[in-house]
Amino acid sequence: MQIRTFSAPKLHLALSKVRKEFGPEAMILDRNRGHDDEGNAIWQVRAARDGESGSQAKKEMKPAAQPSAHPDLDHRLQHSMQHLERIVSGLGRMETDTLRNSLHDENERRAFDTLLSCAVAPTHAHDLAPAMAATGEARARCLRWGKRLQPQKQRETVLVTGPCGGGKTTMIANLATHFHMQGIEVALVSTDTERMGGLEGLAAYASVLGIELHALRRSEDAAGILQKTESARLLLIDSEGWSQANRKSCRRQGPPWQALAPTRRMLLLPANLDEADGMATLEVAAGLYLTDLLPGKLDETATAGKVVNWAARSGLPLSYCSFGSSVPDQMGWLNPKTLATLLQRNHRKEST
Ligand SMILES: Nc1nc2c(ncn2[C@@H]2O[C@H](COP(=O)(O)OP(=O)(O)OP(=O)(O)O)[C@@H](O)[C@H]2O)c(=O)[nH]1
Ligand SMILES: [Mg+2]
């Protein structure tokens, strides 16, 4: 088997090089973004085909540094591994091709390709493609949609949690400003009181808006804060960031949250997070009784499709999102129409 890496400034150009050199039977092993020697952004596609190894392939399949004590066994093992790799990557491609071919017409297949290009997983792309082609809306069985906050109708207590630096405080400031501008009484609480600078960001927004900010340092103080803020229609709770690599940092927040009894527990996942790290974050957050998934920093990704994959994996309804740090103009609301627009825009950005 011959394995080679093809590079080009655009993904489709790298893929067409693969097809040209390796023919239609080429197997795509993986694709990555990287930089060439001059620092220009490029796509690198690693592909394989059956047949004699070329010089490049020999270069990539480096011989073992030390002579092996069991060359025959090593050779057989390597052969089996390559065979397994071919089966797995072949199955992945077959599945994608099967899904694509099962769509009804060319418009649906085009929508499917668009979704794949911004990293929506093939099965979700298959679910989404018919509605995207027919109505331009991202509707699928794998997605749920949140309910907008309605503090006009009932008091809402909203907690925003998520990874460090993801944009939680900015989202709280967005929500506070948005509703404050509608004349709704808003109060702020922060449980991010231990960390140097944890309170200051929110305090600055609170002071500009003329809204009260309460620091919750001990769970026992929650009842007093709830009493002081009982006239507010919207109580927004900012919290300390945590990391999926440190479950304890997440669990530590349980008691203060419980004491404040939020009615909505929103997980903010910044879209500049690696998709796998986002999945790991969802796994750590599984016991937090979350109610909403807020995709943040949508302006900072070229693969917005991961938002679909996160939403589908977690089963959480998509709701508020952010696409810039300007408060409150760059907060948005995700529904089938806005998600479709986001994915289309992401695709266009990628293909120019
Ligand atoms: N580009 C971009 N930047 C954002 C967005 N939302 C927030 N930011 C910026 O991201 C940085 C971190 O935002 P914060 O709101 O402080 O994030 P946080 O999750 O509260 O951070 P910690 O409290 O430190 O865990 C700030 O510089 C924000 O201006 C967004 O949607 N897009
Ligand atoms: Mg913060």
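See the structure shown above.
Model, not experiment: these values are computed from the prediction.

> Is there a simple way to think about the site of ligand 1 in this case?
Taken together, 18 residues form the shell around ligand 1, and within it K168, T170, D299, E300 and S322 come nearest. With respect to ligand 1, the side chain of E300 contributes an N or O atom lying 2.8 Å from a nitrogen atom. Within the contact set of ligand 1, an oxygen atom lies 3.0 Å away from a backbone nitrogen or oxygen of G324. Its free accessible area being 650 Å², ligand 1 has 74% of it covered by the protein chains. Here the shell around ligand 1 takes three residues from helix α6 (residues 168-180), the largest share from any one element.

> Before we go on, may I ask you to explain the nonpolar core in this structure?
Side chains of nonpolar character tend, in soluble globular proteins, to be buried together. Of all hydrophobic cores here, the largest spans 54 residues; its most connected members are L128, L293 and L339. Apart from the residues lying within four places of it in its own chain, the contact partners of L128 are L115, V120, A138, R139, A140, L143 and V308. In terms of nonpolar packing, the next biggest core, distinct from the first, is built from 23 residues, M171, L175, A176 and A206 among them.

> Hey, could you run me through a nonpolar patch on the surface in this one?
Side chains of L77, M81 and L84 sit close together on the surface and give an oily, nonpolar patch of about 320 Å² of accessible area. Along the polypeptide, L77 turns up in helix α3 (residues 71-101). The exposed category is assigned to L77, whose relative accessible area is 53%.

> I keep staring at the sheet that holds strand β2 (residues 27-35) and nothing clicks. Help me out?
Hydrogen bonds between backbone groups are what pair the strands of a sheet, and the pairing can be parallel or antiparallel. Strand order in the open sheet formed by three strands is β1-β3-β2, with antiparallel pairing between adjacent strands. Each end of this open sheet is capped by a strand with a single partner; those strands are β1 (2-8) and β2. The average angle at which neighbouring strand axes cross in this sheet is 20 degrees, direction not considered. Sheet topology places β2 next to strand β3 (residues 41-49); eight bridges connect them, and they run antiparallel. Bridge pairing in β3 places G34 opposite I42. Along the sheet face, helix α1 (residues 11-22) touches β1, β2 and β3 and points at about 145 degrees away from the line of β1.

Rules used throughout
- Throughout, a residue's number is its position along its own chain's written sequence, starting from 1.
- Chain labels run from A onward and ligand labels from 1 onward, assigned in the order the entries are written.
- Totals for whole chains, interfaces and linings use all residues, but because this is a predicted model, local features are given only for residues with pLDDT of at least 70 and pairs of side-chain atoms are given and counted only at 80 or more.
- Derived side-chain values reflect all non-hydrogen atoms in the structure, with water molecules and hydrogen atoms excluded from consideration.
- Note on definitions. A residue lies near a molecule or strand when any single heavy atom of the residue is within 4 Å of it.
- Any pair of nitrogen or oxygen atoms within 3.5 Å is treated as a polar contact; in protein, a donor-acceptor pairing is required on top of that, and neighbouring residues in sequence qualify only through side-chain atoms on both sides.
- Here the Shrake-Rupley method, with its probe set to 1.4 Å, supplies the accessible areas, and only the displayed protein chains count as covering residues.
- Secondary structure elements follow DSSP: runs of H or I of four or more residues count as helices, runs of E of two or more count as strands, with numbering from the N terminus.
- To qualify as a nonpolar core, a set must consist of buried Ala, Val, Leu, Ile, Met, Phe, Trp, Tyr and Cys residues joined through side-chain atoms within 4.5 Å.
- For the exposure calls, accessible area comes from a 1.4 Å probe over protein chains only, and a residue counts as buried if that area is under 20% of its type's maximum, exposed if over 50%, partly exposed in between.
- Only heavy atoms matter for contacts: two residues are in contact if any of them lie within 4.5 Å across the pair.
- Two distance rules govern patches: like charges are joined within 9 Å, and nonpolar side chains (Val, Leu, Ile, Met, Phe, Trp, Tyr) within 5 Å, applied only to residues with over 30% relative accessible area and no salt bridge.
- Take a side-chain nitrogen of Lys or Arg and a carboxyl oxygen of Asp or Glu: if they are within 4 Å of each other, that pair is a salt bridge.
- For two strands to be treated as a pair, DSSP must find no fewer than two bridges joining them.
- Here an axis means a line fitted to C-alpha atoms, over the contact stretch when the element is a helix, while the angle between two N-to-C directions is reported on a 0 to 180 degree scale.

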